[in-house]
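# Structural overview for review
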Amino acid sequence: MDAQAKEAGSVISASLFGALAGSRALPFARGDFEAVIRQSGKGIEPSLRAFAAAFARAGESDAPSLPPVRQKLFRPLPAKAAHPRLNALLERIRGDFPVPVHAMVFAGVSRLVDYQDTDYATEYLDHVARFRGFDNEEKGWTLCLAAAKYIAGAMAYDDVISVADLKSRASRFARVHREIGVGAEQIVLATEFMRPRAEEVVGLMPARLGSWIEARPRLFRLIDYAVNRGRRVQTFKLRGFVVLHALASLQRLRCRTLRHARESRHLRQWIDLAIVHGALNYDLAVEILNSRRLVKGYSDTHARGTSKFERVLSTAPMLTVRTDGAEWMKRLIAVALKDEEGSELDGALRTVRAL
């Protein structure tokens, strides 16, 4: 590809772009890719020549083919579990939810039992069950499916405990070894780069203590200074692994932390908003639940996503009475997902407020 690019008077990125287009891995036509090159305004003709050469090469019969994209499949609801508490959860799913929703709800229960415990999964079922009365088979159980999916994600939020847990699991070490192609005789020296903000550290504390520290800016800034330099945790050494394992073991105390108190409050407010609209505007209620897609990740990524999530939801009262309210909410979510800085979202929000 580098040789093709040089022959065309361009750079290898143009050939890479052409090979990607020619591989048919993405659902775009060739003209869509070429339009991107033309919009760049620089070295258009050489880039198009390099693109075309690589596109043709990728489409040759002897070029390797990509495996088909696998759709995510949910496990069916099992007949029985190995523990009485898990069996009680299975019976609750069968009794409270229609069959088309079972697999999604079971996926949420499985995730939250692993994340916390069976009591936490029971709380999840309580939340999802609130939507049962607004849904039916004619509507495809869309509201219940959205609730089952996104409430599980919201309850399994990323915090210091969950990050430490995931980074110290045997399955993760096995995956790293598999991805980098390590042989049985080779040793991997893994270093985790962790840079929690003061908010994450204080959020790990008991709710009252964390609130007390946040109310004292000088102390809060001191903690921020201490942790903001970041840490390199060498998990191939006993000391580094023990640190992560100790943090992960705080799982049983999670529900007493300041972070959990805040996440629970936000969760209830979001669910209550969707419940209110479940009776007023079904499709809008579905999009209110779907808006949780905006909240993801950890630390600064989570903070940015939460900010966009709250701004999008602020339009719900204005959209309730509109027949196209759900479509507008869907557009806002789409804009927020692709808008890193938030400027496009601001413009879209102004448009909605002017309706």
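Since we're looking at a predicted model, the values are computed, not measured.

Bringing the overall build of the protein chain into the picture now. The helix and strand inventory of the protein chain stands at 20 helices and two strands. Of the contacts made within the protein chain by residues no fewer than 6 positions apart, 66% connect residues no fewer than 24 positions apart. For the protein chain, the accessible area works out to roughly 20,800 Å², and carbon and sulfur atoms hold 56% of it. Charged side chains of the protein chain number 54 positive and 40 negative; the gap between the two group centres comes to 5 Å.

Between helix α7 (residues 118-129) and helix α8 (residues 142-155), the shortest axis-to-axis distance is 9 Å and the interhelical angle comes to 145°. In this structure, α7 meets α8 at a crossing whose hand is right-handed. Counted together, Tyr120, Glu123, Tyr124, His127 and Val128 of α7 and Cys144, Ala147, Ala148, Ile151, Ala152 and Met155 of α8 form the full contact between these two elements. In terms of residue class, the contact of α7 with α8 is built from nine nonpolar, one polar and one charged.

Taken as a whole, this structure holds 21 salt bridges when the rule is applied. Notably, a salt bridge pairs aspartate 165 with arginine 169, separated by 2.8 Å at the nearest N-O pair. Exposure remark for arginine 169: the relative accessible area of 24% places this residue in the partly exposed category. Here arginine 262 makes a salt bridge to glutamate 214, at a shortest N to O gap of 2.4 Å. Of the two residues, arginine 262 is situated in helix α15 (residues 258-280) and glutamate 214 in helix α12 (residues 207-214); the sequence distance between them amounts to 48 residues. With relative accessibility at 26%, the residue glutamate 214 sits in the partly exposed group. The network of salt bridges with shared partners includes Arg197, Glu199, Glu200 and Asp300.

Our next topic: the packing of aromatic side chains. Tallied over the full model, the rule gives nine aromatic pairs. Each ring, one from tyrosine 115 and one from tyrosine 120, has its centre 6.1 Å from the other, and the planes form 25°; the classification is stacked. The residues tyrosine 115 and tyrosine 120 share a single accessibility class, namely buried. One aromatic cluster is present, formed by Phe17, Phe28, Phe33, Phe51 and Phe55 through successive ring pairs.

Here we come to the packing of helix α16 (residues 282-290) against helix α19 (residues 325-338). α19 packs onto α16 with a crossing angle of 15° between their chain directions and a minimal axis gap of 8 Å. The angle between α16 and α19 places the two elements in the roughly parallel class. The hand of the α16/α19 crossing is left-handed. For the pair α16 and α19, the contacting residues are Asp283, Leu284, Glu287, Ile288 and Asn290 in the first and Gly325, Ala326, Met329, Lys330 and Ile333 in the second.

Moving on to the environment of leucine 332. Here leucine 332 lies in helix α19. Remark: the alpha-carbon pair of leucine 332 and alanine 52, spanning 280 residues in sequence, is separated by 36 Å.

Counting buried positions along helix α9 (residues 160-167) yields seven of eight residues, so the element is predominantly enclosed. Restricting attention to buried positions, one finds in α9 the residues Val160, Ile161, Ser162, Val163, Ala164, Asp165 and Lys167. Of the surrounding elements, those touching the buried residues of α9 are α6 (99-115), α10 (170-179), β1 (191-194), α11 (198-203) and α14 (238-248).

All right, on to helix α17 (residues 300-313) then. Over its 14 residues, α17 runs 20 Å from end to end, which matches the ideal 20 Å to within 8%, given 1.5 Å per residue. Of all the positions in α17, only His302, Gly305, Thr306, Lys308, Phe309, Val312 and Leu313 are classed as buried. When α17 is viewed along its axis, its buried side chains cluster within an angular range of 165° and face the same direction.

The rules behind each value
Residues numbered from 1 in each chain as written. Predicted model: local features only at pLDDT ≥ 70, side-chain atom pairs only at ≥ 80, totals over all residues. Heavy atoms only, no water. Helix = DSSP H or I, 4+ residues; strand = E, 2+ residues; numbered from the N terminus. Contact = heavy atoms within 4.5 Å. Areas by Shrake-Rupley, 256 points an atom, 1.4 Å probe, with all protein chains shown as cover. Lys, Arg positive; Asp, Glu negative; His and termini not counted. Charge placed at Lys NZ, Arg CZ, Asp CG, Glu CD. Axes fitted to C-alpha atoms, helices over the stretch in contact; angles between N-to-C directions. Left-handed = near helix turned anticlockwise from the far one by under 90°. Nonpolar A, V, L, I, M, F, W, Y, C, P; charged D, E, K, R; others polar. Salt bridge = Lys/Arg side-chain N within 4 Å of Asp/Glu carboxyl O. Buried < 20%, exposed > 50% of the residue type's maximum accessible area, 1.4 Å probe, protein only. Phe/Tyr/Trp six-rings, centres within 6.5 Å; stacked < 30°, edge-to-face > 60°. Parallel < 35°, antiparallel > 145°, perpendicular 65-115°, else oblique. Expected span 1.5 Å × (residues − 1). Arc of directions from axis to C-beta.

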